[in-house]
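Chain residues, written in single-letter form:
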Amino acid sequence: MNKNDQLFTRAKLAIPGGVNSPVRAFKAVGGTPRFITRGDGAYFWDAEDQRYIDYIGSWGPMILGHRHPAVHAAVLSAAEQGLSFGAPTEREIELAEEIIKLVPSIEMVRLVSSGTEAGMSAIRLARGATGRSKIIKFEGCYHGHADALLVKAGSGLATFGNPTSAGVPPEVVQHTLVLPFNDVEALEAAFKEHGDEVACLMMEPIAGNMNFVRASVPFVKRCRELCTAHGALLAFDEVMCGFRVALGSAQSLYAKEIPGFEPDMTVMGKVIGGGMPLAAFGGKREVMSHLAPLGAVYQAGTLSGNPVATACGLATLKEIQKDGFFTQLNQRTQQLVSGMTAAAKDAGIPFCGDSEGGMFGFFFFPELPQNYAKVMTTDGAVFNRFFHGMLDQGVYFAPALFEAGFVSAAHTAQDIDDTIAAAKRTFATL
Ligand SMILES: *Cc1c(COP(=O)(O)O)cnc(C)c1O
């Protein structure tokens, strides 16, 4: 048994499934998860001291790669001054101001500790602000593991959902309407029937939890129009896309296509914490003013706005504002996707991919899927062979086919070329 196997055996006795978040367990792809001992730049090393080019970046936060010098200095210096006070600090204002400056739709923001908490709180706020109960979400979009959001579509076009997890009573999801992604007709039907009862529509603008599926521009436009017409709030869940696909986040990309476009609320996480537990939700001042202590919607957190986490987030946001940061990141990520696509084509394997900023996805399909039902038809066995082929060559992609991948600013052109070369060898074996 190698050291990863030994650690996994030990972990399984003390921690359910051996992991603290299910996808880490390699259940979908089989085999033993690697136990990571350290990271540096675009790489991390496992317990056997095997090096991997890291394309999950802690599932999104590590946009600068591991151990970025400026981020580390900021974290260490903050830690020197104390770990947590439970009283306000100036750094919380600085981070809030930075987010407000970069994302114009956000006029006020509340900091929390995880994306789940941010999404859950945003929904409570939307319900409190509108006095309505119903929410709309889309199949294949993930908004964290709050009870009301662990729901899949029932049968039929516009139905209230069924829980996707044991432990979620059906009554808790009875107000959650689940619709197919990118389906304008289903959206219109749902608003026609329930529009005036909808507190908010929450969506991932680029769905990264069904690999990588963009909301089409006409779809986003219609979401905006229908929310406005019915007095529902449009909430963009940018926990993954925020500060990852563009400096202004995914909403800035849609604003280029739809004049004046803005969501009413935005949920953030991952990159804004730079690798520390930090997330946020924000939006229009009018909506945010319903939050306690100003308003009647309760929300709180012992570690919210933690001084070390905010230092990490601030240092990360400073770096990504440097000249040409996203141009370069975009290029690197495109180089990866186009190189892998060309290699697959040479090998006669149906393959396609897409990317935006430092986020990408690829499918063993001839063309990009538009919704979850299509994504679900992927051949999992082929993906799993590909995943392990790459892992054996020191390339770590997400160990599940429904997950987006991430390139960091630390990935060099050489890292990308090495990855494409490994993909070529792997495709030849499929
Ligand atoms: C990761 C993610 C979440 C949940 O964030 P956690 O910090 O894992 O709780 C919510 N929404 C989206 C879009 C995410 O990618």
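Residues numbered from 1 in each chain as written. Predicted model: local features only at pLDDT ≥ 70, side-chain atom pairs only at ≥ 80, totals over all residues. Heavy atoms only, no water.

1. Some remarks on the overall build of the chain
Part 1 of the reasoning: The helix and strand tally for the chain stands at 13 helices and 19 strands.
Part 2 of the reasoning: Here the C-alpha atoms of the chain give a radius of gyration of 21 Å, agreeing with the 22 Å that 2.2 N^0.38 yields for 430 residues.
Part 3 of the reasoning: With the C-alpha coordinates aligned to their principal axes, the bounding extent of the chain is approximately 55 × 55 × 50 Å.
Part 4 of the reasoning: Each of the 430 residues in the chain was classed as buried or not, and the buried ones make up 55%.
Part 5 of the reasoning: Looking at the chain alone, contacts between residues at least 24 apart form 71% of all its contacts between residues at least 6 apart.
Part 6 of the reasoning: Of the roughly 18,000 Å² that the chain leaves accessible, carbon and sulfur atoms contribute 54%.
Part 7 of the reasoning: Taken as two groups, the 36 positive and 43 negative side-chain charges of the chain have centres that lie 3 Å from each other. (Helix = DSSP H or I, 4+ residues; strand = E, 2+ residues; numbered from the N terminus. Rg over C-alpha atoms; globule rule 2.2 N^0.38 Å. Buried < 20%, exposed > 50% of the residue type's maximum accessible area, 1.4 Å probe, protein only. Contact = heavy atoms within 4.5 Å. Areas by Shrake-Rupley, 256 points an atom, 1.4 Å probe, with all protein chains shown as cover. Lys, Arg positive; Asp, Glu negative; His and termini not counted. Charge placed at Lys NZ, Arg CZ, Asp CG, Glu CD.)

2. As for the site of the ligand
Part 1 of the reasoning: Around the ligand sit Ser114, Gly115, Thr116, Tyr142, His143, Gly144, Glu204, Asn209, Asp237, Val239, Met240 and Lys270, and that is every residue in its neighbourhood.
Part 2 of the reasoning: At 2.7 Å from an oxygen atom of the ligand is found a side-chain nitrogen or oxygen belonging to threonine 116.
Part 3 of the reasoning: Taken by itself the ligand offers 380 Å² of open surface, and the protein chains cover 82% of this.
Part 4 of the reasoning: Its residues assigned to classes, the shell around the ligand shows three nonpolar, six polar and three charged. (Near = heavy atom within 4 Å. Polar contact = N/O pair within 3.5 Å; in protein donor to acceptor, adjacent residues only side chain to side chain. Nonpolar A, V, L, I, M, F, W, Y, C, P; charged D, E, K, R; others polar.)

3. Some details on the environment of aspartate 417
Part 1 of the reasoning: Looking at the secondary structure, you find aspartate 417 in helix α13 (residues 413–427).
Part 2 of the reasoning: Between the C-alpha atom of aspartate 417 and that of threonine 333, which follows or precedes it by 84 residues, the distance is 11 Å.

4. Some remarks on helix α1 (residues 3–14)
Given 3.6 residues per helical turn, the α-helix brings residues three or four places apart onto the same face.
Part 1 of the reasoning: Taking 1.5 Å per residue as the helical rise, α1 with its twelve residues ought to reach 16 Å, and the 17 Å between its terminal C-alpha atoms agrees with that figure.
Part 2 of the reasoning: Residues of α1 that are buried include every one of Asn4, Phe8 and Ala11, and no others. Each buried residue of α1 lies within a common arc of 65° when the element is viewed along its axis, so the set occupies one face. Exposed side chains of α1 directed beyond 90 degrees from the buried face belong to Arg10, Leu13 and Ala14.
Part 3 of the reasoning: Where α1 is buried, its residues touch β2 (43–46). (Expected span 1.5 Å × (residues − 1). Arc of directions from axis to C-beta.)

5. What to know about the packing of helix α5 (residues 184–194) against helix α6 (residues 217–230)
Part 1 of the reasoning: With their axes 10 Å apart at the nearest point, α5 and α6 run at an angle of 5° to one another. Taken together, the axes of α5 and α6 are roughly parallel relative to one another. Within the contact between the two elements, α5 uses Val184, Leu187, Glu188 and Phe191 and α6 uses Pro218, Phe219, Arg222, Cys223, Leu226, Cys227 and His230.
Part 2 of the reasoning: When grouped by side-chain class, the residues that make up the contact of α5 with α6 number eight nonpolar, one polar and two charged. (Axes fitted to C-alpha atoms, helices over the stretch in contact; angles between N-to-C directions. Parallel < 35°, antiparallel > 145°, perpendicular 65-115°, else oblique.)

6. Describing the sheet that holds β2
Part 1 of the reasoning: Strand order across the open sheet formed by four strands is β1-β2-β3-β18, with mixed pairing between neighbours. Of all strands in the sheet, those with a lone pairing partner are β1 (36–40) and β18 (395–396), marking the two edges.
Part 2 of the reasoning: The pairing of strand β3 (residues 51–54) with β18 spans two bridges and is classified as parallel. Bridged to isoleucine 53 within β18 is valine 395. (Pairing = 2+ DSSP bridges.)

7. A word on the packing of aromatic side chains
Part 1 of the reasoning: A complete count under the given rule lists 29 aromatic pairs for this structure.
Part 2 of the reasoning: Ring centres of phenylalanine 351 and phenylalanine 362 lie 5.4 Å apart, and the angle between their planes is 20°; on these two criteria the pair is classed as stacked. Taken together, the residues phenylalanine 351 in the loop between α10 (325–346) and β16 (352–356) and phenylalanine 362 in strand β17 (residues 359–363) connect sequence positions eleven residues apart. Across the pair, phenylalanine 362 and phenylalanine 351 agree in class, each one buried.
Part 3 of the reasoning: Arranged with centres 5.4 Å apart and planes meeting at 85°, the rings of phenylalanine 351 and phenylalanine 364 form a pair that is edge-to-face. Of this pair, phenylalanine 351 sits in the loop between α10 and β16 while phenylalanine 364 sits in the loop between β17 and α11 (372–375), placing them 13 residues apart in sequence. Each member of the pair phenylalanine 351 and phenylalanine 364 is classed as buried.
Part 4 of the reasoning: Within the aromatic cluster, the residues linked to one another by ring pairs are Tyr55, Phe351, Phe360, Phe362, Phe364, Phe386, Phe397 and Phe427.
Part 5 of the reasoning: Across from the ring centre of tryptophan 45, 4.1 Å away, lies the NZ or CZ of arginine 38, which sits over that ring.
Part 6 of the reasoning: Above the plane of the ring of tyrosine 43 lies arginine 51, whose end atom (NZ or CZ) is 3.8 Å from the centre. (Phe/Tyr/Trp six-rings, centres within 6.5 Å; stacked < 30°, edge-to-face > 60°. Lys NZ or Arg CZ within 6 Å of the ring centre and 35° of its normal.)

8. Comments concerning unusual backbone geometry
Part 1 of the reasoning: Here the bond from alanine 292 into proline 293 is cis, since omega is 10°, no more than 30 degrees from zero.
Part 2 of the reasoning: With respect to the secondary-structure elements, proline 293 resides in the loop between α8 (285–288) and α9 (307–320).
Part 3 of the reasoning: One non-glycine residue with positive phi stands out, namely phenylalanine 26, at about 65°.
Part 4 of the reasoning: A relative accessible area of 1% places phenylalanine 26 in the buried class.

9. Observations regarding the pattern of salt bridges
Part 1 of the reasoning: Per the stated rule, a full pass over the model turns up 14 salt bridges.
Part 2 of the reasoning: Measuring nitrogen to oxygen at the nearest pair gives 2.7 Å for the salt bridge that ties arginine 214 to aspartate 354. With arginine 214 in strand β12 (residues 213–214) and aspartate 354 in strand β16, this pair connects stretches of sequence that are 140 residues apart.
Part 3 of the reasoning: On the basis of relative accessible area, arginine 214 is assigned to the partly exposed category, the value being 28%.
Part 4 of the reasoning: Here aspartate 354 falls in the buried class, since its relative accessible area comes to 16%.
Part 5 of the reasoning: Residue glutamate 319 is joined to lysine 322 by a salt bridge in which the shortest nitrogen-to-oxygen separation is 3.1 Å.
Part 6 of the reasoning: Exposure remark for glutamate 319: the relative accessible area of 14% places this residue in the buried category.
Part 7 of the reasoning: Taken together, the shared-partner salt bridges connect Glu188, Lys221, Arg222 and Glu225 into one network. (Salt bridge = Lys/Arg side-chain N within 4 Å of Asp/Glu carboxyl O.)

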